[in-house]
Amino acid sequence: MAARRKIGQILQDLGYLSEDQVWDLLEEQKQSPGEVFGQVAVRSGLVTQAQVTEALAEQWGMPVVDLEQTQIPAKVLESVPQTMCEIYKICPVSLKGDVLTVAMADPQNIEALDDLKNFLGHEVRGAVSSEADVAAAIERNYAERPDSIEDVIGELEIEAGSERDAFDLSDPEEMADAAPIRKLVNIVLLNAIKDQASDIHFEPFEDEFKIRVKADGVLYEMIPPPRHMANAVISRIKIMADLDIAERRLPQDGRVELNVGGNPVDLRVSILPTMFGEACVMRVLDRTVVSLDLNKIGMDAGTLDRFRGMIKRPNGIVLVTGPTGSGKTTTLYSTLNELNDITEKIITTEDPIEYDIDGLIQCPINSDIDVTFASCLRAILRHDPDLILVGEIRDYETAEIAVQSALTGHLVFSTLHTNDAPSSITRMLDMGVPKFLLTACVECILAQRLVRRICTDCRTEFEPSDELLMELQLPVETARQYNFYYGKGCATCHNSGYKGRVGLYELMDVTDDIRDLISEDANVDDLRNLARSQGMTTLREAGLKLIFEGVTTIDEVVRETVIEDIN
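To keep things clear, this report deals only with the structure shown in the data block. (Residues numbered from 1 in each chain as written. Predicted model: local features only at pLDDT ≥ 70, side-chain atom pairs only at ≥ 80, totals over all residues. Heavy atoms only, no water.)

### A few points about the environment of Gly487
Move 1: Looking at the secondary structure, you find Gly487 in strand S17 (residues 484-487).
Move 2: Exposure remark for Gly487: the relative accessible area of 15% places this residue in the buried category.
Move 3: In this structure, the C-alpha to C-alpha distance between Gly487 and Glu392, residues 95 residues apart in sequence, is 36 Å.
Move 4: Ignoring any residue separated from it by four or fewer positions in sequence, one finds Gly487 in contact with Ile454, Cys458 and Gly497. (Helix = DSSP H or I, 4+ residues; strand = E, 2+ residues; numbered from the N terminus. Buried < 20%, exposed > 50% of the residue type's maximum accessible area, 1.4 Å probe, protein only. Contact = heavy atoms within 4.5 Å.)

### Examining the pairing of strand S4 (residues 199-204)
Move 1: In terms of residue burial, S4 counts as a mostly covered element, since 6 of its 6 residues are buried.
Move 2: Of the two faces of S4, the one lined by Asp199, His201 and Glu203 and the one lined by Ile200, Phe202 and Pro204 are each fully buried.
Move 3: Sheet topology places S4 next to strand S5 (residues 209-215); 6 bridges connect them, and they run antiparallel. Residue Pro204 lies in a different strand from S5, and its bridge partner there is Phe209.
Move 4: Following S4, the chain reverses through 4 residues before pairing antiparallel with S5.
Move 5: Both S4 and strand S9 (residues 277-286) contribute to a ladder of 4 bridges, which runs antiparallel. Each residue of the ladder has a partner; that of His201, found in S9, is Val281. (Pairing = 2+ DSSP bridges.)

### Considering the packing of aromatic side chains
Move 1: Evaluated as defined, the whole model comprises 4 aromatic pairs.
Move 2: Ring geometry for Phe484 versus Phe548: centroids 6.2 Å apart, planes at 80°, classification edge-to-face. A residue pair is termed long-range when its members are at least 10 positions apart, and Phe484 in strand S17 and Phe548 in helix H23 (residues 539-548) qualify at 64 residues.
Move 3: Each member of the aromatic cluster is reached from another via a ring pair, and the members are Tyr482, Phe484 and Phe548.
Move 4: We note Arg452 situated over the ring of Tyr498; from NZ or CZ to the ring centre the distance is 4.0 Å. (Phe/Tyr/Trp six-rings, centres within 6.5 Å; stacked < 30°, edge-to-face > 60°. Lys NZ or Arg CZ within 6 Å of the ring centre and 35° of its normal.)

### Observations concerning the side chain of Ser423
Move 1: With respect to the secondary-structure elements, Ser423 resides in helix H17 (residues 422-431).
Move 2: For Ser423, the residues in contact, after removing those within four places along its chain, are Thr418 and Val524.

### Some thoughts on unusual backbone geometry
Peptide bonds are, in most cases, trans, and in most cases residues other than glycine have a negative phi.
Move 1: Of note in this structure, Asp242 is not a glycine but carries a positive phi near 60°.
Move 2: Residue placement: Asp242 occurs in the loop between helix H12 (230-240) and strand S7 (252-260).
Move 3: Phi at Asp384 takes a positive value of approximately 55°, unusual for a residue other than glycine.
Move 4: Along the chain, Asp384 falls in the loop between helix H15 (373-380) and strand S13 (387-390).
Move 5: On the basis of relative accessible area, Asp384 is assigned to the exposed category, the value being 61%.

Shown next as structure tokens:
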């Protein structure tokens, strides 16, 4: 396939730029890495947006569409939800037979056309328009036809009244392909991606079919669709994930790969047979939401400096601990991303692999065929790694090989499920790891939690009650020195008062003094007190700092940390 001509070359061929101007703009683009050539050219005043649109159309072999002069039929607008238009930066233009033409603000995102085809069930062709024109067309054409979950549920109920038998008696594939079912699934998925949700739950019960979305670690219920739509909705998801829609007795796992706004979004699909039908959970893995950068995970500067020093040690074990959903995997990926250098061989073994990172050898666990953490780790050691990530230390066998790997000159990263950093030592001892090996190889333990951020659009100052301060074990005299905030609730945060999450971190450096205590069978409290005297900030203390800075609320810190942290 011949390489596409560069946009600068096309603008030069069309007579809009000279060769010297193209070279000057390329130099200017190097100073603005986030901007594409066309944006730089328009900003410099050398070409107009219309001329860049014309060049993009020629580059991608698409027609140009003038959205201001185009009358879009209501039937065409109804075929594509507004949320889909906003996320993919497209506007439907015409529907002839089974071919839908859409105006694209970014014609380079060819994968979007495949996504739209899967979502809508039409052949989709692209045309080119400017981003401003697409945004204006969406606002203009969809002003009178908002597309919310409630609207789609209302449409389904109307259709259910007249066509209920059609949904119940058709074969599963035909039922799943019905326009109302497609529309419902599309809007649920796209709204979840738009709201940066982490999971979408479809749950059938005896008399209702619930849809719940988890955002910022909390589940929110959507308006439930009619109960008899459950099979059709689950079948639609199965088709998208390339699963067997006829098999309803066994659990199934699959994935849906999307390309939203030029960024890959991976939906992991898990189907589970239940008493009242099949339940489905979709895990949303969106790289644009999770930034794999240690500078952006919310660790305070002092803890981050100490952690950076520890992860650059030549060998040993670095443990990250916390409950499910506390951000351990993100912290480890961010750490490996920082250490990812051409001179280092990094191999991971994970269950499952959540993010594909260039330069890392990543091995998925498959217990069905006996590919466990332990068996995988043995094989990894024969591949000459410098750094190893073991997704989780679950048993003595995995712990033993991880310890042996650390003692033979490798730096090993892994996770545990414990409440705080000091109790990880007890967990490893309970697994059967001898004290002399544990003290020889564990370098540091990072415990973490995620708390919700107060929504900045509705953040409000308030004076906490004495009872609330008692929950934090915070003296009233100390509290009077600070301002306290909460979120009242607004449209931005869906009236929850929270938007986004931030980490609480507790970093324990396993120093010689702590090793001596471990050897003397010291309890968790003794380890915690010594670590605090050596500079460790507990999870509760990290939470208090964020409360005083107005980042989170007292309720969130009390919910995620335990009082014993500050004893």
